[in-house]
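Each chain, letter by letter, is given below.
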Amino acid sequence: MHRYRTHHCNELRVEHVGRTARVSGWIHRRRDHGQLVFLDLRDHFGLTQCVVDAEDDTFAAVEETRVESVVTVTGRVVRRDPETVNPRLPTGEVELRIDSFEVLSTAGVLPLQVNAEEDAGEETRLRYRFLDLRRERLHANIVLRSQVIASIRRRMTERGFMEFQTPILTASSPEGARDFLVPSRLHPGRFYALPQAPQQFKQLVMMAGYDRYFQIAPCFRDEDSRADRSPGEFYQLDVEMSFVEQEDVFAEIEPVLAGVFEEFSDRTVPRPFARIPWSEAMLRYGTDKPDLRNPLQIHDVSDIFDGSDFAIFAKTVAGGGVVRALPGPGCGSRAICDRMNAWAQSLGAPGMGYIILGEDGGRGPIASRLADAAVAEMRRRTGTGPGDAIFFAAGSEADAARLAGQARIRLGDERSLSETDTYRFCWVVDFPMYERDEATGTVGFSHNPFSMPQGGLGALETMDPLDVLAYQYDIVCNGVELSSGAIRNHLPDVMLKAFAIAGYTTADVEARFGGMLNAFRYGAPPHGGIAPGIDRIVMLIANEPNIREVILFPMNQRAEDLMMGAPGEVSDAQLRELHIRRNVRAAPTGGERP
RNA sequence: GGGGGUGUAGCUCAGCUGGUUAGAGCGCUGGCCUGUCACGCCAGAGGCCGCGGGUUCGAGUCCCGUCACUCCCGCCA
């Protein structure tokens, strides 16, 4: 008989009755009846009930071993009486009568309870991640993650993509997020950087002629975390293709994403994914990552208020601002509208105007200043009627869009308007190539500087840069941005011009992106790609609100690994070898850990 | 860097307008219990009320500071 087990803990069935079996695992739960003890033994696969009574030799040992200890149980598989069958367990028709009981590893009193639904605090969970991972939900999430990644690999390979590894130790990139730096022992004063993404490498793979590349790629960015953004590191499904236009990329990625989401969830994935121009997304949804499960849409009503008697909005429009209207189904009451207004003010907005709609037209301070025909026109545009309200966000185009967009989300949640059984994907396309930095007034890249401008060199030379669009797109699912992507700029002249508009000299570009720029001069195929976030994909499929729930060993919000103690101190000898000298003020004393 | 929330037993939390000995569930320890499956019943131990200062006759509760965790803004081309 095998030293540890003949069966795992989700294997024994009626057909095994009468045989002797051996199982090993953790003591999940014990039910002690004094003269009779039940033990639920747990391993990766499931639970098996073991039983022992007072006359057995092992009784005392079973009774005193604490939960989460690791034990090996050998015994006879017995059919349970019909009234004691547990239909909730796959192994619930049988149990194991304990003949021998061996403790392989004892557990102390637990800092968090593995067998309870109740969540411990984040700090405890992260410090004792190995215990947290034993719990059912988290354990299942990580299994799901493994299966999702395996499915993605299979789907990509079947489509003719090849998976390559790109360097982890590379050069610091001057744009974008903060880099993690790695000092060089051989080159005093010089540093590697961990890649923020394999962006330049994957483009070079295309120039090397491999045609279609993908990688489940680790990416490193030294930026602050969010609930949907893990600090430090994350994984992307990094993809690049040669000789393609935008729709070719969509045609490859759409079935992969839809297939994976359908394979691992019970929800529907409507196809084809909607294509929404960026400017339309900002107008209708007030965001560049719209949740299309929410049926509400925002409408521009600036023309109606232009020159109207409602002075605040008329002045806004006259000053170049806009007024946006959001339908509020069933919101036709003072209490609801006042609450929306107070909420808007809590966000720092001046307020949120409203019209309450009754059988006989509109009520409220705005409606009283407008002609009936104007109110009727707004009803028509927003599709509202008696019992509803229309909410208004006024201000600069960006401010009004943001407020209306947030109000749209809030109403959707509060009134439960959104679908709950769907993954609504969309492609947001036609992003602007440049944007004006509000603080400095300068023009900079709004997204990836390597994207191809629509209209090419001609557009860059003749158009207002702020009007130039890029072959730049996002894939969004249920309001979560999964990825940006682009058709790349593979033409050195266009690239130098594009960078010049953003304030970079040719020398700057050569110095910073020389490797790739040089490659463009020896025959570069037109190419493009995308890089959906793996962690966010799994998070959506697992229906988890926080990205830590789908990562084996996540760091906390301050980018610390509480279990391993990272980042940690290193020895003076290590630093000397790396030509590094500390330059930190004396650490404040009294820290809980060194 | 900024804003919000939280911090009370090993864990999850309650603790009112400041008031006498700070509670519950789970866990832990001991006892009882032969068909449970979140077993049940009885008893017990366990508290720097995050930390420091202040107001007050009196602070878990109010004020100031600080630390930690978390959510958000900035940031993430």
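Located above this text is the structure these notes cover.
It should be emphasised that the depicted structure is a prediction, and the values quoted were computed from it without experimental measurement.

### A few points about the overall build of chain A
Point 1. Scanning chain A for helices and strands turns up 17 helices and 22 strands.
Point 2. Residue burial in chain A is summarised as follows: out of 594 residues, 47% are buried.
Point 3. Summarising the internal contacts of chain A: among those between residues at least 6 apart in sequence, 67% fall at separations of at least 24.
Point 4. Here chain A displays about 29500 Å² of accessible surface, and carbon together with sulfur accounts for 49% of that area.
Point 5. Charge-centre separation for chain A: the mean point of 67 positive side chains lies 2 Å from the mean point of 85 negative side chains.

### What to know about the sheet that holds strand S1 (residues 20-32)
Point 1. The strand order around the closed barrel formed by five strands is S1-S2-S3-S5-S4, and the pairing between neighbours is mixed. Averaged over neighbouring strand pairs, the angle between their axes works out to 55° when direction is ignored.

### Describing the nonpolar core
Within soluble globular proteins, side chains that are nonpolar tend to cluster in buried spots.
Point 1. Judged by nonpolar contacts, the single largest core of 67 residues is most densely connected at Val-148, Val-239, Val-249, Phe-261, Phe-425, Trp-427 and Leu-482.
Point 2. If one sorts the elements of this core by residue count, helix H6 (residues 246-264) sits on top with nine residues.

### Overview of the protein's contact with RNA strand B
Point 1. By nearness alone, 49 residues border RNA strand B, and Arg-29, Asp-32, Thr-84, Arg-88 and His-447 come closest of all.
Point 2. Among all atoms of RNA strand B positioned within 4 Å of the protein, those belonging to sugar or phosphate total 52%.
Point 3. Contacts to RNA strand B include Thr-84, whose backbone N or O atom sits 2.3 Å from a base nitrogen.
Point 4. Within the side chain of Arg-229, a nitrogen or oxygen atom sits 2.7 Å from a base oxygen of RNA strand B.
Point 5. Listing elements by their share of the surface near RNA strand B, those giving two or more residues are S1, strand S2 (36-42), strand S3 (47-53), strand S5 (94-105) and helix H2 (122-127).
Point 6. Tallying contributions element by element places S1 first for the surface near RNA strand B, with three residues.
Point 7. Split into classes, the residues belonging to the surface near RNA strand B amount to 10 nonpolar, 16 polar and 23 charged.

Rules of the game
- Residues numbered from 1 in each chain as written.
- Chains lettered and ligands numbered in written order.
- Predicted model: local features only at pLDDT ≥ 70, side-chain atom pairs only at ≥ 80, totals over all residues.
- Heavy atoms only, no water.
- Helix = DSSP H or I, 4+ residues; strand = E, 2+ residues; numbered from the N terminus.
- Buried < 20%, exposed > 50% of the residue type's maximum accessible area, 1.4 Å probe, protein only.
- Contact = heavy atoms within 4.5 Å.
- Areas by Shrake-Rupley, 256 points an atom, 1.4 Å probe, with all protein chains shown as cover.
- Lys, Arg positive; Asp, Glu negative; His and termini not counted.
- Charge placed at Lys NZ, Arg CZ, Asp CG, Glu CD.
- Pairing = 2+ DSSP bridges.
- Axes fitted to C-alpha atoms, helices over the stretch in contact; angles between N-to-C directions.
- Core = buried A, V, L, I, M, F, W, Y, C linked by side-chain atoms within 4.5 Å.
- Near = heavy atom within 4 Å.
- Polar contact = N/O pair within 3.5 Å; in protein donor to acceptor, adjacent residues only side chain to side chain.
- Nonpolar A, V, L, I, M, F, W, Y, C, P; charged D, E, K, R; others polar.

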